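Chain and residue survey
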Amino acid sequence: MSATQTDHEKRKQISVRGIVDVENVTDFKKAFNRHLHYTLVKDRNVATNRDYFFALAHSVKDKLVSRWIRTQQYYYEKDPKRVYYLSLEYYMGRTLQNTMINLGIQGACDEAMYQMGLDIEELEELEEDAGLGNGGLGRLAACFLDSMATLGLAAYGYGIRYEYGIFAQKIRNGEQVEESDDWLRYGNPWEKARPEFMLPVNFYGQVIDTPEGKKWINTQVVFAMPYDNPVPGYKNNVVNTLRLWSAKSPVGFNLKFFNDGDYIQAVLDRNLAENISRVLYPNDNFFEGKELRLKQEYFMVAATLQDIIRRYKASKFGSREHHRTDFDLFPDKVAIQLNDTHPSLAIPELMRVLIDVEGLSWEKAWEITTKTCAYTNHTVLPEALERWPTSLLESILPRHLQIIYHINFLHLQEVSAKWPGDLNRLRRMSLIEEDGEKRVNMAHLSIVGSHAINGVAALHTEILKNGVFKDFYEMNPGKFQNKTNGITPRRWLLLCNPNLSDIIEERIGSDWTVHLEQLAQLKQWAKDPVFQRSIIKVKQENKMRVAQILEKDYGVKVNPASIFDIQVKRIHEYKRQLLNCLHVITLYNRIKKDPTAPFVPRTVMIGGKAAPGYYSAKQIIKLICSVGNVVNNDPIVGDKLKLIFLENYRVTLAEKIIPAADLSEQISTAGTEASGTGNMKFMLNGALTIGTLDGANVEMAEEMGKENIFIFGMTVDEVEALKKKGYNAYDYYNRIPELKQCIDQIQGGFFSPNNPDEFKGIADILLNWDRFYSLADYESYIRMQDHVGKVYQDESKWVEMAIQNIASSGKFSSDRTIEEYAREIWGVEPSWQRLPAPHEPRDI
């Protein structure tokens, strides 16, 4: 049997344990040929593989559509409370395989393609990643949509349909080069344009007083055109909607321009409005106060709120009396979740609509707004917190600035009443910052305008309560909650690691896909030699697959028996890829010093994108590539050590890399990573974690026991103590010979012989400007890495720890996270219901 046939058989088993309904396969082949002919206007003589991909995608979408329509009919008739998730980022990745798995049709699709002589995996590779997010925040939003549909919540995602997503990263001469991510180049088979729901969004203009109240006039209008994307739940026939807005110009073609000679310019000017949804800002954890970004944020919020209110008015609870809508029940029927501060303009916008358009009093509008909105904070880094200049808001959104000022006036009155005469507290808690340029603090606005504020890991929430938002917590402790992040087990185990899924299913059945806590049953086999061998075999197969990718794509032959040591995430100083790099250099120096000494082989992979304007992060990439170039080509080192920078890390690459990992690097400075979700993906796939007590690492250690994770470095309290005492990197540089050698090599040009000064700036950061204390944690990190090598040599012990990791992953399902949001913030009960399939009678 060929390798392709073996893969084909394995993939069939995912959804049907090797038994495929012949009728389904026949129907699917018919649908495929129909779409090839009638949708793509091709036959098998001229069709390309991309045509086959689109025919396959359309055939799968056919299975979605009736479920999608039925779900929306069900929501219309039952009129449950609806949840609206507002996010400027959705890092969706590919849709085809995820949809087949969630609908339970992967076996039939696979068999149909096989019978037609097509390789389904080849076709899947042709799908463009929907890279509409930067990293963790956008990927979390994607996992949440999957869980909301699986839990049967009447939920809608809202965002922007960026024409260009997160840039494609190319590495040229060791440097990051950004190329545009033209992901819509060939079209998107999953989306449905809805021009009939196009909505106006206003910018600029002036505010005037009228007898009826404030009026925002002389505005510039841009239209928001919705594109709907289906979000299927797992085998429950529920299909929710992700609605993404695209900017369209309102300027029509006016024939008078022929006479004025400005016709061409008038047509060209249409593009200015449409730039709003042209490109995703590629910054992660950095606030860039650009006018276009502010327009994007308001564009998404304004269109979304019109849509939410339209849907509310169409329901029986929005019933009209004397042509007026009753908004009293709005918070009982609508929950709005703000994914970080990017959609925080929803608060003044909802106030504006309720007061200026719907005629409600300030008090009533404020009560509705605060009961409806909730805010998730994702970062404590000061440079990431949004602070918009009042001058920019006054120009672009003059009415909203007035509303924000009044919210602040009433808020400060409350603060004054509670703490009379405490001017410092008033200054700290104001929505308006007046040191230097006058700015609106959007996190403060989000806190004041929401009924619930949550962090995304237990440690992160404590930092918010005791640090960043301490004043607000003291004023309203009941508003603050923790909602530890999670990941969807459908994509991050069932889809990306089918062989491991098979082994788990053989032992405990298949319910774990929606009840991840059932993985705890695996603990009873942690020491079982037979189960251990099956886990080792799957890991080795996954590693062989990645080894082939590395040889093909990077020309580096790696040792599949080596520790696959992986750090994949955005390149940022706080994530400390530099600390990882220092470890690799240390290992290299040890091998060179004594090539005959025993050494546990390692293949270190680092991947991630740097924001285009983040010079230091781009230099970190260049250093990693340069160190890799020296290490990988040194004959004395051989296959004992390799360092590879993974180009263009994205969701699709993560699905290949994570199942092959032995060691997961989660090494941010304690107190800087809000949660992390990559750490959970590695854990679920049986990689062991080396990490600090930061973000969700803390809860992972609690779940699996500290004996099953490699914890090193300073705690949050120790970091604070060092900060107070004063951090001097030279103390460590002068005291630790191995560290001194590494830094001397970096700054002396050892890794950049053609430009000896290339990395002087990196060494300067480490020795003089490092806010993240890499050298303070170096010794502890190296010591723990040495321990990792020792444990890896004991295969039975290592795999036992891996099984404990998998079995302890239950808490980190996004299903659990969404259940908590639903009950404790949104006030809805997850139904876990299964709707009737299209061939079954409706029972509504």
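- The name given to the protein in an unreviewed UniProt entry is Alpha-1,4 glucan phosphorylase, and the organism recorded there is Ceratina calcarata.
- For the record of the protein, the UniProt heading Sequence similarities (unreviewed entry) holds the text "Belongs to the glycogen phosphorylase family."

1. Thoughts on the overall build of the protein
- Scanning the protein for helices and strands turns up 34 helices and 27 strands.
- Taking 28 Å as the expected radius of gyration for a compact globule of 844 residues, we find that the protein reaches 28 Å, a close match to that expectation.
- If you line up the protein on its principal axes, its C-alpha atoms span 90 × 75 × 65 Å.
- Within the protein, the proportion of its 844 residues that are buried is 61%.
- When contacts within the protein are restricted to residue pairs at least 6 apart in sequence, those whose partners lie at least 24 apart make up 77%.
- Accessible surface for the protein amounts to roughly 32,700 Å². Of this, 51% is attributable to carbon and sulfur atoms.
- If the 102 positive side-chain charges of the protein are averaged to one point and the 111 negative ones to another, these points end up 1 Å apart.

2. Remarks on the UniProt feature "modified residue: N6-(pyridoxal phosphate)lysine" (unreviewed entry) in the protein
- Residues annotated by UniProt as "modified residue: N6-(pyridoxal phosphate)lysine" (unreviewed entry) correspond here to Lys681.
- Note that Lys681 resides in helix α26 (residues 678-684).
- Aside from chain neighbours lying at most four places away, what touches Lys681 is Arg139, Ile487, Trp492 and Ile658.

3. Observations regarding the state of the cysteines
- Evaluation of the coordinates by the stated rule reveals zero disulfides.
- Looking at the unpaired Cys581, the closest cysteine sulfur is the one in Cys742, lying at 9.0 Å.
- Assessed through its relative accessible area of 2%, Cys581 is described here as buried.

4. Overview of the pairing of strand β22 (residues 563-568)
- Within β22, six of the six residues are buried, which leaves it mostly tucked inside the rest of the structure.
- A two-sided burial pattern is seen for β22, the buried positions comprising Ile563, Asp565 and Gln567 on one face and Phe564, Ile566 and Val568 on the other.
- Here β22 pairs with strand β23 (residues 602-607) via six bridges, running parallel. Within β23, the residue paired with Val568 across the bridge is Gly607.

5. Side note on helix α5 (residues 106-115)
- Counting buried residues in α5 gives eight out of 10 residues, a clear majority hidden from the surface.
- Turning to α5, its buried residues number three or more, namely Gln106, Gly107, Ala108, Cys109, Asp110, Glu111, Ala112 and Met113.
- Backbone geometry just downstream of α5 places Gly117 in the positive-phi region, at approximately 75°.

6. With respect to the sheet that holds strand β24 (residues 641-646)
- Ordered in space as β24-β23-β22-β25-β26-β27, the six strands form an open sheet in which the pairing is parallel. At either end of the open sheet lies a strand with only one pairing partner, and these are β24 and β27 (710-711).
- Pairing of strand β26 (residues 688-691) with β27 involves two bridges; the strand directions are parallel. If you follow Ile690 over to β27, its bridge partner there is Phe710.
- This element, helix α22 (residues 529-554), spans β22, β23 and β24 of the sheet and lies at about 75° to β24.

7. Some points on the packing of helix α7 (residues 136-150) against helix α34 (residues 814-826)
- Remark: α7 packs on α34, axes separated minimally by 9 Å, with the N-to-C direction vectors making an angle of 75°. As summarised for this structure, α7 and α34 are arranged roughly perpendicular, according to the angle between their axes. Here α7 contributes Cys143, Phe144, Ser147 and Met148 to the contact with α34, which in turn contributes Ser814, Asp815, Thr817, Ile818, Tyr821 and Trp826.

8. Brief notes about the pattern of salt bridges
- Scanning the entire structure with this criterion turns up 64 salt bridges.
- Between Glu433 and Arg387 there is a salt bridge; the shortest N-O distance is 2.9 Å. Here Glu433, found in strand β18 (residues 432-433), pairs with Arg387, found in strand β17 (residues 387-389); they are 46 residues apart in sequence, far enough to count as distant.
- The salt bridge involving Arg507 is made with Asp528; its shortest N-O contact spans 3.7 Å. Residue Arg507 is located in helix α21 (residues 498-508), and its partner Asp528 is located in the loop between α21 and α22; the two are separated by 21 residues in the primary sequence.
- Arg507 sits in the partly exposed class, given a relative accessible area of 30%.
- Connected through salt bridges with shared partners, the residues Arg194, Asp228, Arg243, Asp307, Arg310 and Arg311 form a single ionic network.

Cut-offs used in this document
- Residues numbered from 1 in each chain as written.
- Predicted model: local features only at pLDDT ≥ 70, side-chain atom pairs only at ≥ 80, totals over all residues.
- Heavy atoms only, no water.
- UniProt positions renumbered as here; feature names shortened; annotations may be inferred.
- Helix = DSSP H or I, 4+ residues; strand = E, 2+ residues; numbered from the N terminus.
- Rg over C-alpha atoms; globule rule 2.2 N^0.38 Å.
- Buried < 20%, exposed > 50% of the residue type's maximum accessible area, 1.4 Å probe, protein only.
- Contact = heavy atoms within 4.5 Å.
- Areas by Shrake-Rupley, 256 points an atom, 1.4 Å probe, with all protein chains shown as cover.
- Lys, Arg positive; Asp, Glu negative; His and termini not counted.
- Charge placed at Lys NZ, Arg CZ, Asp CG, Glu CD.
- Disulfide = S-S within 2.5 Å.
- Pairing = 2+ DSSP bridges.
- Axes fitted to C-alpha atoms, helices over the stretch in contact; angles between N-to-C directions.
- Parallel < 35°, antiparallel > 145°, perpendicular 65-115°, else oblique.
- Salt bridge = Lys/Arg side-chain N within 4 Å of Asp/Glu carboxyl O.

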